[in-house]
Amino acid sequence: MYSCKQASRMASDALDRKLTWSEFFHLKLHLMMCGMCRGFNQNIHLLESALKNINHKSSREGLSADEKESIKKSVKRALENEHH
Amino acid sequence: MGSNKDFLLVEGWVEEHGDYLHCFATTRLNGDREMARDMVQETFIAGWKAYQAFEGKSTVRTWLTGILKYKIIDHIRKQVRVENLADEISRDPSSDWFGSDGRWHESPKAWGSSPESLCENDNFHMILHRCMAKLPDVQRQVFTQRELSGDSSDAICKDLDISSSNLHVLMHRARLSLRACLNHHWFGKREL
Ligand SMILES: [Zn+2]
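Nothing here was measured: the structure is a model prediction, and the numbers come from that model.

K.L.:
Can you tell me about the overall build of chain B, naming the residues and giving the values?
P.N.:
Counting secondary structure elements, chain B contains 9 helices and 0 strands. Starting at the N terminus and walking to the C terminus, you meet the elements of chain B as α-α-α-α-α-α-α-α-α. Its C-alpha atoms give chain B a radius of gyration of 20 Å, clearly above 16 Å, the size a compact globule of 192 residues would have. C-alpha extents for chain B along the principal axes are approximately 70 × 35 × 25 Å. Every one of the 192 residues in chain B was classed for burial, and the buried ones make up 48%. Sequence separation of 24 or more characterises 70% of the internal contacts of chain B that already satisfy a separation of 6 or more. Accessible surface computed for chain B: about 9,900 Å², of which carbon and sulfur atoms make up 49%.

The following block contains the structure:
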């Protein structure tokens, strides 16, 4: 029987790797009986989806036209130095 | 190579791949846009120097991403020094969260928000960034690379040169801390 400490570790691991059957079984069993770990499990899943959405949003922001111009200028300067 | 023609090539890269590369770098550098811009800039310069060696076996974008990735890993490895990692692993913060019997000190409860509504909420972003900033360096690096960049666990272990069990320990700690911080500064407050 997992303690809450072990169960929270398995709930976290489940987001990063495939649990073994035995780990999966013990985690499910613990979650069935423990509302606190169910809460933790819901929280970390929500956190993960929120971060995915935020990431998706920020990836649409991109570089501004000014930033692109500034990159071009700096690269040009560096390339000119190469030639001399 | 004539410099004018070369420069047109690089200008094209900036327009075509600049946003993509910048996003790739930002998500791997804890959202540091400035740093990401510098790295993208260096990538274009390095790409230009190595262009003759580019054999067209992959797309230009994939090739440039490879150069950028190498620069980012180099930077991250310098930040996440070996000593930091050893310290962080040997520390056991579990008594912050659990009693000696392995039970929670403070009971987590389900949060009542949708991920979509959180995404649109700028105040939530601010709190989230503050909570992430409080994580120890090594945890923050592993966590952002996993959750923000969506890199696979294997790729992160390889990049940072850590074992997969170390990765899982660090992710567990980062999630415990972030969850508690967000609960304290955001979710707990709203539900009261
Ligand atoms: Zn429990």
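The discussion continues.
K.L.:
Provide a residue-level description of the packing of aromatic side chains, including the pertinent values.
P.N.:
The final tally for this structure, using the stated rule, is 12 aromatic pairs over all chains. Measuring from ring centre to ring centre gives 6.0 Å for Trp-21 of chain A and Phe-24 of chain A, while their planes differ by 85°; the resulting arrangement is edge-to-face. Pair noted here: Trp-21 of chain A and Phe-24 of chain A are both in helix 2 (residues 21-33), with a separation of 3 residues, about one helical turn. According to the relative accessible area criterion, Trp-21 of chain A is exposed, its value standing at 73%. Its relative accessible area of 38% is what places Phe-24 of chain A among the partly exposed residues. A ring pair is formed by Phe-98 of chain B and Trp-104 of chain B, whose centres lie 4.6 Å apart and whose planes are at 45°; its orientation type is tilted. Take Phe-98 of chain B and Trp-104 of chain B: they sit in the same class, and that class is buried. Linked through ring pairs, Trp-13, Phe-44, Tyr-51, Phe-54 and Trp-63 of chain B together constitute an aromatic cluster. When the ring centre of Phe-24 of chain B is taken as reference, the NZ or CZ atom of Arg-28 of chain B above it lies at 3.7 Å. Against the face of Tyr-20 of chain B rests Arg-61 of chain B, its NZ or CZ located 4.4 Å from the ring centre.

K.L.:
So what about the interface of chain A and chain B? Which residues, and what values?
P.N.:
With 44 residues of chain A at the contact, the number on the chain B side is 59 residues. The largest per-residue losses of area from chain A upon contact with chain B belong to Asp-16, Met-36 and Lys-72 of chain A, which jointly make up 13% of the total buried on that side. Note that Arg-175 of chain B and Asp-16 of chain A form a salt bridge whose closest N and O atoms lie 3.0 Å from each other. Summed over the shared surface of chain A and chain B, the number is 18 residue pairs in polar contact (both at pLDDT 80 or more). The set of elements that each furnish at least two residues to the side of chain A that touches chain B consists of helix 1 (4-13), helix 3 (35-61) and helix 4 (65-83) of chain A.

K.L.:
Any details on the pattern of salt bridges? Residues and values, ideally.
P.N.:
Where charged atoms of side chains with opposite charge meet at close range, the side chains can pair. One pass over the full model with this rule turns up 15 salt bridges over all chains. Glu-67 of chain A is paired through a salt bridge with Arg-33 of chain B; the nearest N and O atoms lie 2.9 Å apart. A residue pair is termed interchain when its members come from two chains, as with Glu-67 of chain A in helix 4 and Arg-33 of chain B in helix 2 (residues 33-50). Its relative accessible area of 12% is what places Glu-67 of chain A among the buried residues.

K.L.:
For the domain arrangement of chain B, give the residues involved together with the corresponding values.
P.N.:
All names here are of chain B. Along its sequence, chain B is carved into domain 1 (3-79) and domain 2 (83-191). Of note, the centres of domain 1 and domain 2, computed from C-alpha atoms alone, are 29 Å apart. Across the boundary between the two partners, domain 1 contributes 8 residues, which contact 12 residues of domain 2. Viewed at the interface, domain 2 and domain 1 are joined by 1 salt bridge. Across the salt bridge formed by Asp-151 and Arg-28, the nearest N and O atoms sit 2.6 Å from each other. Linking domain 1 with domain 2 are 1 residue pair in polar contact (both at pLDDT 80 or more). Of all the secondary structure elements, the ones that give two or more residues to the side of domain 1 that touches domain 2 are helix 1 (3-28) and helix 3 (60-79). Element by element, the count of residues in the side of domain 1 that touches domain 2 is highest for helix 3, at 5 residues. Broken down by class, the residue content of the side of domain 1 that touches domain 2 amounts to 2 nonpolar, 3 polar and 3 charged.

K.L.:
Now, about the confidence of the model for chain B: what can you tell me, with residues and values included?
P.N.:
Residue and element names in this part refer to chain B. Of the residues in chain B, 95% have a pLDDT of 70 or more, and the chain-wide mean is 86. Within chain B, the lowest mean pLDDT, 76, falls on helix 4 (residues 82-90), and the highest, 91, falls on helix 2. For this predicted complex, the interface score ipTM comes out at 0.83, alongside a pTM of 0.80.

Calculation notes
Residues numbered from 1 in each chain as written. Chains lettered and ligands numbered in written order. Predicted model: local features only at pLDDT ≥ 70, side-chain atom pairs only at ≥ 80, totals over all residues. Heavy atoms only, no water. Helix = DSSP H or I, 4+ residues; strand = E, 2+ residues; numbered from the N terminus. Rg over C-alpha atoms; globule rule 2.2 N^0.38 Å. Buried < 20%, exposed > 50% of the residue type's maximum accessible area, 1.4 Å probe, protein only. Contact = heavy atoms within 4.5 Å. Areas by Shrake-Rupley, 256 points an atom, 1.4 Å probe, with all protein chains shown as cover. Phe/Tyr/Trp six-rings, centres within 6.5 Å; stacked < 30°, edge-to-face > 60°. Lys NZ or Arg CZ within 6 Å of the ring centre and 35° of its normal. Buried area = accessible area lost by both parts, 1.4 Å probe. Salt bridge = Lys/Arg side-chain N within 4 Å of Asp/Glu carboxyl O. Polar contact = N/O pair within 3.5 Å; in protein donor to acceptor, adjacent residues only side chain to side chain. Domains from an automatic or database assignment. Nonpolar A, V, L, I, M, F, W, Y, C, P; charged D, E, K, R; others polar. pLDDT = per-residue confidence, 0-100.

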